[in-house]
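Listed below are the residues making up each chain.
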Amino acid sequence: MDLGLRTRHAIVLGASQGLGLGVARSLLGEGASVTLVARSMERLATARASLAEDEQARCDLVAADLGEPDAVEDILRAAQREGRVVDILVNNSGGPPTGLPSGVSIDEMRGQFDKMVQPIMTLTLALLPGMRARRWGRIITITSSGVIQPIPHLPISNALRSSLVAFMKTLAGEVAADGVTVNVMAPGRIGTARTQSIDSAQAKRTGRSEDEIARESASSIPAGRYGTIEEFGAVAAFLASVPASYVTGSVIRVDGGAIRSI
Ligand code: NAD
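Residues numbered from 1 in each chain as written. Predicted model: local features only at pLDDT ≥ 70, side-chain atom pairs only at ≥ 80, totals over all residues. Heavy atoms only, no water.

> I keep staring at the site of the ligand and nothing clicks. Help me out?
Inspection of the region around the ligand gives 27 residues, with Ser16, Leu19, Arg161, Ile190 and Thr192 positioned closest. Side-chain polar atom of Gln17 to an oxygen atom of the ligand: 2.8 Å apart, as the coordinates give it. Note that an oxygen atom of the ligand is positioned 2.8 Å from one of the backbone N or O atoms of Ser93. Sorting the residues of the shell around the ligand by element identifies helix 1 (18–29) and helix 8 (193–206) as the ones contributing at least two each. For the shell around the ligand, the element with the highest residue contribution is helix 8, accounting for three residues. Here the residues of the shell around the ligand sort into nine nonpolar, 13 polar and five charged. (Near = heavy atom within 4 Å. Polar contact = N/O pair within 3.5 Å; in protein donor to acceptor, adjacent residues only side chain to side chain. Helix = DSSP H or I, 4+ residues; strand = E, 2+ residues; numbered from the N terminus. Nonpolar A, V, L, I, M, F, W, Y, C, P; charged D, E, K, R; others polar.)

Set out below in structure tokens:
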């Protein structure tokens, strides 16, 4: 299937590693050009160096911390340089700390809102008018399985990402007739540094080994293993594609069957 991405430009947030890098690689593999955003230029450069030569030529790097006030402006300036239009936005961010809901600090919650929700909404709203005017756009927001089945010890993630789901669903309804699709991805457990740090936190909490935790977690997933960033990226590339034009307002699970509800 031709995904029709060869003339398209995408911004992918949190793209130096993990899910964001998996998505960026898939889009580049389909011929799109991509602006990769993350905090560290060094890590971004390492990520770019791992790509094929023709893919490297199609990607720009932007070092920006989504928690900083100028981040969105810096990203837009780089992605839209020389009049280039942005057709695809892949929203992503770092994950918040773990802990019990009863122990949540409201200041921490506010700080995480400014990194995980506010910049994503600002960037989405900034790119939307152009997408609507051109009658083509794809907005994809990476959240978590926790927006369907809340994850114990991730109260801030469950709460803030659910607000993104509600916003994106509302937006999808407004812009569907303009050729702009708005979807959310809900990863279950994809093998990345973030998954490893969550396993490690659980190991510390329970006094067990990280390996034991990871094995137990994998065995609770019907697929029997964690997913890969390539599997995740492939789903994102389809959602970004021309043939996915009638998929909007959806929460797409990439979880190996982990979420128990229908
Ligand atoms: P990761 O920690 O491996 O990668 C996060 C990426 O975001 C990195 O590129 C990092 O540089 C970037 N980043 C972090 N904070 C940033 C900031 N303030 N400004 C700009 N960039 C920033 O995480 P991941 O596993 O790739 O997951 C991506 C997101 O999806 C995280 O929020 C994570 O909590 C969530 N998630 C992941 C899984 C999974 O299975 N991996 C499951 C559910 C939810």
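That shown, we press on.
> I'm lost on the domain arrangement of the chain in this one. Help?
Note on interface size: it is often stated as the accessible area lost on association of the parts. Domain assignment breaks the chain into domain 1 (9–188 + 229–253) and domain 2 (189–226). Here the C-alpha centroids of domain 1 and domain 2 sit 24 Å apart. Listed by partner, the interface residues are 13 residues for domain 1 and ten residues for domain 2. Put simply, domain 1 and domain 2 have one salt bridge between them. Put simply, Arg225 and Glu231 hold a salt bridge, and the shortest N to O gap is 2.7 Å. (Domains from an automatic or database assignment. Contact = heavy atoms within 4.5 Å. Salt bridge = Lys/Arg side-chain N within 4 Å of Asp/Glu carboxyl O.)

> Would you explain the pattern of salt bridges in this entry?
Once the charged atoms of two side chains with opposite charge are near each other, the side chains can pair. Applying the stated criterion to the full structure yields 17 salt bridges. The salt bridge partner of Asp60 is Arg81, with a shortest N-O separation of 3.1 Å. With a gap of 21 residues between them, Asp60 in strand 3 (residues 59–63) and Arg81 in the loop between helix 4 (71–79) and strand 4 (88–91) connect regions that are remote in the sequence. For Asp60, a relative accessible area of 17% puts it in the buried group. By relative accessible area, Arg81 is classed as partly exposed at 37%. Across the pair Arg189 and Asp199 runs a salt bridge, and its minimum N-O distance is 2.8 Å. Here Arg189 is found in the loop between strand 6 (180–187) and helix 8, whereas its partner Asp199 is found in helix 8, with ten residues between them in sequence. When salt bridges with common partners are traced through the structure, they connect Asp60, Arg81, Glu82 and Arg84 into a single cluster. (Buried < 20%, exposed > 50% of the residue type's maximum accessible area, 1.4 Å probe, protein only.)

> Explain the sheet that holds strand 3 to me, please; I cannot follow it from the model alone.
Two modes of strand pairing occur in sheets, parallel and antiparallel, and in both the strands are linked by backbone hydrogen bonds. Taken in spatial order, the seven strands of this open sheet run 3-2-1-4-5-6-7, and their pairing is parallel. Each edge of the open sheet carries a strand with a single partner, namely strand 3 and strand 7 (251–254). Neighbour-to-neighbour, the strand axes of the sheet open up by a mean angle of 20°, direction not taken into account. When strand 2 (residues 33–38) meets strand 3, the two strands line up parallel, connected through five bridges. Bridge pairing links Val37 to Val62 in strand 3. Helix-sheet contacts for helix 1 involve strand 1 (9–13), strand 2, strand 3, strand 4, strand 5 (137–142) and strand 6, and the interaxial angle to strand 1 is about 165°. This element, helix 10 (residues 229–239), spans strand 5, strand 6 and strand 7 of the sheet and lies at about 165° to strand 6. (Pairing = 2+ DSSP bridges. Axes fitted to C-alpha atoms, helices over the stretch in contact; angles between N-to-C directions.)

> Before we go on, may I ask you to explain the packing of aromatic side chains in this structure?
Any two aromatic rings considered together are summarised by their centre-to-centre distance and by the angle between their planes. A full pass over the atoms with the stated rule returns zero aromatic pairs. Sitting above the plane of the Trp136 ring, Arg8 keeps its charged end 3.7 Å from the centroid. Positioned above the aromatic ring of Trp136 is the side chain of Arg138, whose terminal nitrogen or guanidinium carbon lies 4.1 Å from the ring centre. (Phe/Tyr/Trp six-rings, centres within 6.5 Å; stacked < 30°, edge-to-face > 60°. Lys NZ or Arg CZ within 6 Å of the ring centre and 35° of its normal.)

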